[in-house]
Amino acid sequence: MFENVKAIPGDALLALMMEFKQDPTPTKIDLGVGVYKDDAGLTPILPVVKKAESLILENEQSKGYIGPAGAPELAPLLQGLMLGENHPLITEKRIATTQTPGGTGALRVAGDLVNALNPEAKIWVSDPTWSNHFHVFAGAGVEVRTYPYYDAQQNALAFDNMLDAIRQMPAGDVILLHASCHNPTGIDPTLEQWKQISEVVSERGLLPLIDCAYQGFGDGLEEDVQGLKLILEKCPEALITTSCSKNFGLYNERIGALSIVAAQAEHCSNVFSQACNCIRANYSNPPAHGAAIVTTILADTTLRQQWETELAEMRTRIHRMRTELVKNLDALSSERDFSFITAQKGMFSYSGLSKSEVKYLKEKYAIYAVDSGRINIAGINDSNLERLSQAISEAISR
Ligand code: LMR
């Protein structure tokens, strides 16, 4: 079986991450993979996570299986975080949430579920989107199509084209929307645009699949789910994938969730049972530790407050780096207007840098960014800002 198998290239983003790790250049800068870094360029464990872990270590009684749906106490906490306490979907039991291994695990279960419930349905993703969306849904056997999202001339949302494309999508198909901090562009719809999107999605009879991977990294915990809530007001059915990787800094613990929203409580529990079936057939049970951390933090008023403060620090630092980068680039060159970078949200910026400029930055300065021009703003800090700005201004003036 193995003799004639050809090797295939690994994921380009993860390859870039490995290449950066192995680069011995002391002044290297990592703007590649989407991981938060502090002003020292490190991805430390949040102090609140350390506290929660020591409590868990003291109190944990068993390493027994937690069941396909994961920790039962996680679901209401994540639902409350997303929708606010006492949201009608919660009180009417029209939302059910299962723990998953990371946001990617949630997307895979969502893909499996879509395939199980309607094998004809396609999933529409934005152009561009997180590159792994394609692999995950293809792995689940679901056809993926794209809709326009990015206007390269204006560095803005191609809103009219996006709406026109949604109007053409066949009823019953699935549309993936990023709740906030769009990956890779950093460009989110305004609330007014979200309203229009929700109307068209509902009129077309599409199933929204909302990828919520950066809650708290854009404008705030509540602000970052405003669009998601507008969609849920208009659409009786939806899927939501949550990641706790970024906002809790729990990347390698693989903790996320899939939420199912249905028109009636009974539909919701029926679909939930199907999701649990997909999980059982895939990885059987999720790992427990990440969920224990998140529940310990969210269930305790003091820890939760500390987490919100630590999350706000990450968000504020990213905002500051956006502003500083634009200020520096403006001062160094008038060749290009980079002011759009401050309007973008979250970790990422579609910087407008071309593939050859990205290549130049890597070869000459060991500055690592994605070929598409996506840069991770969290990779910028007070020590590398000057050098980065100089290098970018040199790259664009060549
Ligand atoms: C990214 O887009 O860089 C992150 O979501 C990390 C990943 O797994 O690709």
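Residues numbered from 1 in each chain as written. Predicted model: local features only at pLDDT ≥ 70, side-chain atom pairs only at ≥ 80, totals over all residues. Heavy atoms only, no water.

A short note on the pairing of strand β9 (residues 238-243)
Right, on to step 1. Counting buried positions along β9 gives six out of six residues, so the element sits mostly inside the fold.
Right, on to step 2. In β9, alternate side chains face the same way, and those of Ala238, Ile240 and Thr242 on one face and Leu239, Thr241 and Ser243 on the other are all buried.
Right, on to step 3. Where strand β8 (residues 207-212) and β9 come together, four bridges link them in parallel fashion. Counted as the bridge partner of Cys212 is Thr242 from β9.
Right, on to step 4. The handedness of the β8 to β9 crossover, carried by helix α9 (residues 226-234), is right-handed.
Right, on to step 5. Here six bridges tie β9 to strand β10 (residues 256-261), and the two strands are oriented antiparallel to one another. In the strand pairing of β10, Ala238 is matched with Val261. (Buried < 20%, exposed > 50% of the residue type's maximum accessible area, 1.4 Å probe, protein only. Helix = DSSP H or I, 4+ residues; strand = E, 2+ residues; numbered from the N terminus. Pairing = 2+ DSSP bridges. Right-handed = clockwise from strand over helix to strand, strands pointing away.)

Considerations on the nonpolar core
Right, on to step 1. In this structure, Trp307 and Leu325 are the most contacted members of the largest nonpolar core, which totals 96 residues.
Right, on to step 2. For this core, the leading source of residues is helix α12 (residues 301-332), giving nine residues.
Right, on to step 3. When residues are assigned to domains, this core turns out to be shared by domain 1 (12-45 + 312-397) and domain 2 (65-299), each giving three or more.
Right, on to step 4. Among residues more than four places away in sequence, those in contact with Leu325 are Ile341, Ile375, Ile377, Ile380, Leu385, Leu388, Ser389 and Ile392.
Right, on to step 5. Counting residues in hydrophobic clusters, the runner-up holds 36 residues, among them Leu83, Trp124, Tyr149 and Cys212. (Core = buried A, V, L, I, M, F, W, Y, C linked by side-chain atoms within 4.5 Å. Domains from an automatic or database assignment. Contact = heavy atoms within 4.5 Å.)

Focus: the pattern of salt bridges
Right, on to step 1. All chains considered together, the criterion is met by 16 salt bridges.
Right, on to step 2. Salt-bridge contacts for Lys362 lead to Glu19; the nearest nitrogen and oxygen are separated by 2.9 Å. Separated by 343 residues along the polypeptide, Lys362 in helix α14 (residues 355-365) and Glu19 in helix α1 (residues 12-22) bring together distant segments of the chain.
Right, on to step 3. For Glu19, a relative accessible area of 34% puts it in the partly exposed group.
Right, on to step 4. In this structure, Asp30 and Lys37 form a salt bridge, with 3.2 Å as the shortest nitrogen-oxygen distance.
Right, on to step 5. By relative accessible area, which is 9% here, Asp30 ends up buried. (Salt bridge = Lys/Arg side-chain N within 4 Å of Asp/Glu carboxyl O.)

Quick notes on the sheet that holds β8
Right, on to step 1. The mixed open sheet is built from seven strands, whose spatial order is β2-β10-β9-β8-β7-β3-β4. Strands at the two margins of the open sheet, each flanked by one partner only, are β2 (95-100) and β4 (144-148). When the angles between neighbouring strand axes are averaged without regard to direction, this sheet yields 25°.
Right, on to step 2. Lying over the sheet, α9 contacts β7 (174-178), β8, β9 and β10, oriented at roughly 160° with respect to β8. (Axes fitted to C-alpha atoms, helices over the stretch in contact; angles between N-to-C directions.)

Thoughts on a nonpolar patch on the surface
Right, on to step 1. Judged by side-chain polarity, Met1, Phe2 and Val5 come together as a nonpolar surface patch covering roughly 480 Å² of accessible area.
Right, on to step 2. Here Phe2 is to be found in the segment before α1. (Patch = residues over 30% accessible without salt bridge, like charges linked within 9 Å, V, L, I, M, F, W, Y side chains within 5 Å. Areas by Shrake-Rupley, 256 points an atom, 1.4 Å probe, with all protein chains shown as cover.)

Description of the packing of aromatic side chains
Right, on to step 1. All chains considered together, the criterion is met by seven aromatic pairs.
Right, on to step 2. Where Tyr214 meets Phe217, the ring centres are 6.5 Å apart and the plane angle is 85°; that geometry is what we call edge-to-face. Side by side, Tyr214 and Phe217 carry an identical accessibility label, which is buried.
Right, on to step 3. With a centroid separation of 5.8 Å and 80° between ring planes, the pair formed by Tyr214 and Phe348 is classed as edge-to-face. One end of the pair, Tyr214, is in the loop between β8 and α9; the other, Phe348, is in strand β11 (residues 348-350), and 134 residues separate them in sequence. The two residues Tyr214 and Phe348 agree in class, both being buried.
Right, on to step 4. Here the aromatic residues Tyr36, Tyr214, Phe217 and Phe348 are joined through ring pairs into a cluster of three or more.
Right, on to step 5. Taking NZ or CZ as reference, Arg374 lies 3.7 Å from the ring centre of Phe348, over its face. (Phe/Tyr/Trp six-rings, centres within 6.5 Å; stacked < 30°, edge-to-face > 60°. Lys NZ or Arg CZ within 6 Å of the ring centre and 35° of its normal.)

Side note on helix α11 (residues 289-298)
Right, on to step 1. Within α11, seven of the 10 residues are buried, which leaves it mostly tucked inside the rest of the structure.
Right, on to step 2. When α11 is considered as a whole, its buried residues turn out to be Gly290, Ala291, Ile293, Val294, Thr295, Ile297 and Leu298.
Right, on to step 3. Contacts made by the buried residues of α11 are with α2 (47-59), α3 (74-83), β2 and α12.

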